[in-house]
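Commentary on secondary and tertiary structure
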Amino acid sequence: MNNRPEILIGVDSTADEIAGHDIRALAAEAAFGIEEEGCLSRTYEMTDRDDLRFSLAGVTLILGDSVSLYCREAAHVVLVLRQKQLTESSARAAGHAAARFMKGLPVG
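Residues numbered from 1 in each chain as written. Predicted model: local features only at pLDDT ≥ 70, side-chain atom pairs only at ≥ 80, totals over all residues. Heavy atoms only, no water.

Describing the nonpolar core
A general feature of soluble globular proteins is that nonpolar side chains tend to end up buried together. Of all hydrophobic cores here, the largest spans 24 residues; its most connected members are Ile 7, Ile 9, Val 59, Leu 63 and Leu 86. The leading source of residues in this core is helix H1 (residues 23–36), at six residues. Membership of the second largest hydrophobic core comes to six residues, among which are Leu 8, Tyr 44, Met 46 and Tyr 70. (Core = buried A, V, L, I, M, F, W, Y, C linked by side-chain atoms within 4.5 Å. Buried < 20%, exposed > 50% of the residue type's maximum accessible area, 1.4 Å probe, protein only. Helix = DSSP H or I, 4+ residues; strand = E, 2+ residues; numbered from the N terminus.)

A look at the pattern of salt bridges
Any two side chains of opposite charge can pair, so long as their charged atoms come close to each other. Enumeration over the complete set of coordinates arrives at seven salt bridges. Between Glu 29 and Arg 92 there is a salt bridge, and its shortest N-O distance comes to 2.8 Å. Of this pair, Glu 29 sits in helix H1 while Arg 92 sits in helix H2 (residues 88–102), and the two are 63 residues apart along the sequence. Take Arg 92: its relative accessible area is 25%, and that puts it in the partly exposed class. Linking Arg 92 and Glu 36 is a salt bridge whose minimum nitrogen-to-oxygen distance equals 2.3 Å. (Salt bridge = Lys/Arg side-chain N within 4 Å of Asp/Glu carboxyl O.)

So, the side chain of Glu 37
With respect to the element layout, Glu 37 can be found in the loop between H1 and strand E4 (40–46). Look at Glu 37 and you get buried, because its relative accessible area is 17%. A polar contact of 2.9 Å, which involves the side chain of Glu 37, links it to the side chain of His 96. With residues up to four places along the chain from it excluded, the contact list for Glu 37 reads His 96, Ala 99, Arg 100 and Lys 103. (Polar contact = N/O pair within 3.5 Å; in protein donor to acceptor, adjacent residues only side chain to side chain. Contact = heavy atoms within 4.5 Å.)

Digging into H2
Taking 1.5 Å per residue, 15 residues should reach 21 Å; H2 reaches 21 Å between its end C-alpha atoms and fits that length. Among the residues making up H2, those that are buried are Ser 90, Ala 91, Ala 94, Gly 95, Ala 97, Ala 98, Ala 99 and Met 102. For H2, the elements touching its buried residues are strand E1 (6–12), H1, strand E5 (59–63), strand E6 (67–73) and strand E7 (76–83). Taken from the residues just after H2, Gly 104 is the one with a positive phi, measuring 80°. (Expected span 1.5 Å × (residues − 1).)

Topic: the confidence of the model for the chain
Scored by pLDDT, the chain has a mean of 87; 96% of the residues are at 70 or more. Averaged over each element, pLDDT in the chain is lowest for strand E2 (residues 17–18) (70) and highest for H1 (94). (pLDDT = per-residue confidence, 0-100.)

Given below as structure tokens:
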């Protein structure tokens, strides 16, 4: 059994590219950032813009027209971070931020 927490990465299934960047490459960079912080990641294709899913850890990173970090607290969903500029380096940084947030470490 693996004790490393898992963060979901939701990918907008309607977009092949975002701001000239391949959506799969952006998702891979986010996953690398998460894994560099010692967590696991799993990517899913969003069926629509409201398709927000959570793993048991309760943290999800969404890649769409921006990158957004959400957490689930009890019965509420909280937007933790949103970055308008989405590049491969910002996707990796968002992955780092998601894992650090989940571990209770400073995000910035």
